[in-house]
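Letter by letter, the chains look like this.
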Amino acid sequence: MDIGGTKTEAIALDELGRVEATVTRPTVSGAEGVLSTAEAAVAELAERTGRTGFASIGVGLPGQIDRRSGEVRNAYNMGIDSLAIGPELGRRTGIPVSIDNDVTAAAIGAAHLMELGGTVAYLNLGTGVASGIIVDGAPLRGKLGMAGEIGHLPIGRLGRPCPCGQTGCLETEASGSALKAYWPAGGEHPGRTLLTAAASGDRDARRCFELLVQGAASAIRLLGLSLDPDSLVIGGGLRLLGAPLRDGIRDELARWEAESPFLAALELSRRFQLLPEGSPAAAVGAALAAG
Ligand SMILES: [Zn+2]
């Protein structure tokens, strides 16, 4: 299950890791809302598959994840300060529950769905920016579950303030929240109208798109240089910008490669790919991580 601020996607995986059924529901905000959304999704999956139960439930969530206690903290976009969702959902469904960071889960799911082995770096371009990392087949979570939080590297050039307390975080220039803050004309879902507005001469929209492309290219370079992964995948809501986003990132990386034989040797402009549209990567990854 992938529980996000607006929607919850749940899938049933069979014994061979194939998606058997998919359920999508709007996420009800707050601790009780999130729990009842998750519980209803499990019931609907059971109905769809005709199964009386499941071996395990894996949940991917944004926020700070304590895998041991099954607790999520600071998931502000779904109105949660702290919730022991693992034990609580387990009690309600009678099925063991494990939880994971949603971007780490998406990396695991992308590797499975795209049949990528070895080391995989997954860049999530959504409301926030973060990466999920798999090293030689094993997810890297870190001591505090913070591994891959590259959205808060202050490598931006504009010095914009970030809610995390630093200035110039990558996330303040290249993310859905940056689009919302610096291109208010885009409304609630700026990603959907950004390209049309940029093409019709909206200067702010074009600037926001340029910053997004440059920030994403920087993130790919960062992941490439720190991990030299077998595969680099871009997912998240903004990947729906599609070919213009992919081409923009590729061209930016190619420009840097033209100036640096060192960087050119990594061939990053040819190595990254977009997660295919409609891939339930985070839900699949959470289920796989639950075993
Ligand atoms: Zn930050």
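Residues numbered from 1 in each chain as written. Predicted model: local features only at pLDDT ≥ 70, side-chain atom pairs only at ≥ 80, totals over all residues. Heavy atoms only, no water.

Keep this limit in mind: UniProt positions are given in the numbering used here, feature names are shortened, and annotations may be inferred rather than shown by experiment.
Per an unreviewed UniProt entry, the protein goes by the name ROK family protein and belongs to Leucobacter ruminantium. Heading Sequence similarities (unreviewed entry) of the UniProt record for the protein holds this comment: "Belongs to the ROK (NagC/XylR) family."

1. Regarding the packing of helix α3 (residues 102–113) against helix α10 (residues 281–290)
This is how the line gets drawn: With axes taken as lines fitted to C-alpha atoms, and helix axes fitted only over the stretch in contact, angles between N-to-C directions fall between 0 and 180 degrees. Per the convention used, a helix needs a DSSP run of H or I reaching at least four residues, while a strand needs a run of E reaching at least two, with both numbered from the N terminus. Angle categories are assigned with fixed cut-offs, so that under 35 degrees is roughly parallel, over 145 is roughly antiparallel, 65 to 115 is roughly perpendicular, and the rest are oblique. Residue contacts follow a heavy-atom distance rule, with two residues in contact if any of their heavy atoms lie within 4.5 Å. Note on residue categories: nonpolar means Ala, Val, Leu, Ile, Met, Phe, Trp, Tyr, Cys or Pro, charged means Asp, Glu, Lys or Arg, and polar means any other residue, Gly included.
Remark: α3 packs on α10, axes separated minimally by 6 Å, with the N-to-C direction vectors making an angle of 90 degrees. It follows that α3 is roughly perpendicular to α10 by the angle criterion. On α10, the residues that touch D102, A105, A106, I108, G109, A110, H112 and L113 of α3 are A281, A282, V284, G285, A286, L288 and A289. When grouped by side-chain class, the residues that make up the contact of α3 with α10 number eleven nonpolar, three polar and one charged.

2. Some words on helix α2 (residues 85–93)
The following threshold applies: Note on classification: 1.4 Å probe, protein chains only; a residue is buried when its accessible area is under 20% of the maximum for its type, exposed when over 50%, partly exposed between these limits. Summarising the geometry, the arc corresponds to the directions from the helix axis toward the C-beta atoms.
Regarding α2, the residues found buried are I85, G86, L89 and G90. All buried residues of α2 lie within an arc of 125 degrees about the axis, which places them on one face of the element. Phi turns positive one or two residues past the end of α2, at G94, with a value near 75 degrees.

3. Things to note about the coordination of the zinc ion
Quick note on the threshold: Any nitrogen, oxygen or sulfur atom within 2.8 Å of a metal ion counts as a donor, with the limit raised to 3.2 Å for Na, K and Ca, and since water is left out, coordination shells can look unfinished. All geometry calls rest on donor angles, where a four-donor set with angles between 85 and 135 degrees is tetrahedral, four- and six-donor sets with opposite donors more than 155 degrees apart and all others between 65 and 115 are square planar and octahedral, and all else is irregular.
Within the protein, the atoms that donate to the zinc ion are H152 (ND1), C162 (SG), C164 (SG) and C169 (SG), at distances of 2.0 to 2.3 Å. Every donor counted, the four donor atoms about the zinc ion form angles of 105 to 121 degrees at the centre, which fits tetrahedral coordination. Expressed as a motif, the donor residue spacing for the zinc ion is H-x9-C-x1-C-x4-C. Taken as a pair, H152 in the loop between β11 (138–140) and α4 (176–182) and C162 in the loop between β11 and α4 lie far apart in primary sequence, ten residues in all. The exposure class assigned to C162 is buried, which follows from its relative accessible area of 9%.

4. Remarks on the sheet that holds β11
Keep this limit in mind: Criterion used throughout: strands pair if DSSP finds at least two bridges between them.
An order of β11-β10-β9-β12-β13 is seen for the five strands of this open sheet, with the pairing classed as mixed. The sheet is open, and its two edges are formed by β11 and β13 (272–274), each paired on a single side. Across the sheet, the mean angle separating the axes of adjacent strands is 25 degrees when strand polarity is ignored. Bridge analysis of strand β9 (residues 120–125) against strand β10 (residues 129–135) gives six bridges, and the strand direction is antiparallel. If you follow N124 over to β10, its bridge partner there is A130. Helix-sheet contacts for helix α6 (residues 203–227) involve β9, β10, β12 (231–235) and β13, and the interaxial angle to β9 is about 160 degrees.

5. Let's talk about the side chain of N124
Tracing the sequence through the fold places N124 in strand β9. The exposure class assigned to N124 is buried, which follows from its relative accessible area of 16%. Here N124 is in contact with V103, V129, A130, G235 and G236, once residues within four sequence places are set aside.

6. Some thoughts on the environment of L116
Within the secondary structure, L116 sits in the loop between α3 and β9. The class of L116 is buried, set by a relative accessible area of 17%. In this structure L116 touches A110, A111, S231, V233 and Q273, once residues within four positions along its chain are discounted.

7. Some details on the packing of aromatic side chains
Short version of the rule: The criterion for an aromatic pair is that two Phe, Tyr or Trp rings (for Trp, the six-membered ring) have centres within 6.5 Å, with stacked assigned to planes under 30 degrees apart, edge-to-face to planes over 60 apart and tilted to the rest. Here, a charge over a ring is recorded when the distance from Lys NZ or Arg CZ to the ring centre is within 6 Å and its angle to the ring normal is within 35 degrees.
For the coordinates displayed, the defined rule picks out zero aromatic pairs. The ring centre of Y182 lies 3.5 Å from the NZ or CZ of R160, which sits over that ring. Seen from the ring of W256, R221 lies directly overhead, with NZ or CZ sitting 3.9 Å from the centre.

8. Quick word on the layout of surface pockets
Rolling a probe over the atoms, with the probe sized like a water molecule, indicates the empty space that remains. Note the threshold: Cavities and pockets are defined on a 1 Å grid built over the protein atoms alone: a cavity is a set of grid points where a 1.4 Å probe fits but cannot escape, while a pocket is an open set with protein on both sides within 12 Å along at least five of seven lines, and lining residues are those with an atom within 4 Å of any such point. Grid points are joined across faces, edges and corners, and a volume is the space filled by probe spheres set on the points.
For the second largest pocket, the calculated volume is near 400 Å³. In terms of lining, the second largest pocket is formed by 20 residues, of which the most central are L13, F54, A55, S56 and A287. For the lining of the second largest pocket, the secondary structure elements donating two or more residues are β2 (7–13), α1 (31–49), β4 (57–61) and α10. With four residues, β2 is the single largest residue contributor to the lining of the second largest pocket. Its residues assigned to classes, the lining of the second largest pocket shows twelve nonpolar, five polar and three charged.

9. Some words on the domain arrangement of the protein
To be explicit about the condition: Segmentation into domains, and thus their bounds, comes from an automatic or database assignment. Note on definitions: buried area is the accessible-area loss of two parts on being combined, 1.4 Å probe, summed for both. Put simply, a salt bridge is a Lys or Arg side-chain nitrogen that is within 4 Å of an Asp or Glu carboxyl oxygen. Polar contacts, as counted here, are pairs of nitrogen or oxygen atoms within 3.5 Å of one another; within protein the pair requires one atom able to donate a hydrogen and one able to accept it, and residues that are adjacent in sequence qualify only if both atoms are side-chain atoms.
Domain boundaries in the protein define domain 1 (2–105 + 280–290) and domain 2 (117–274). Using only C-alpha atoms to locate each centre, domain 1 and domain 2 end up separated by 26 Å. Taken together, the six residues of domain 1 in the interface contact eight residues of domain 2. For the pair domain 1 and domain 2, the summed buried area comes to about 660 Å², and 57% of that belongs to carbon and sulfur atoms. Of all residues in domain 1, the largest losses of buried area upon contact with domain 2 belong to R67, V103 and T104, amounting jointly to 65% of the total for that side. Salt-bridge contacts for D100 lead to R141; the nearest nitrogen and oxygen are separated by 2.6 Å. Counting across the interface, domain 1 meets domain 2 through one residue pair in polar contact (both at pLDDT 80 or more). Secondary-structure elements contributing two or more residues to the side of domain 1 that touches domain 2 are β8 (97–101) and α3. Its residues assigned to classes, the side of domain 1 that touches domain 2 comprises two nonpolar, two polar and two charged.

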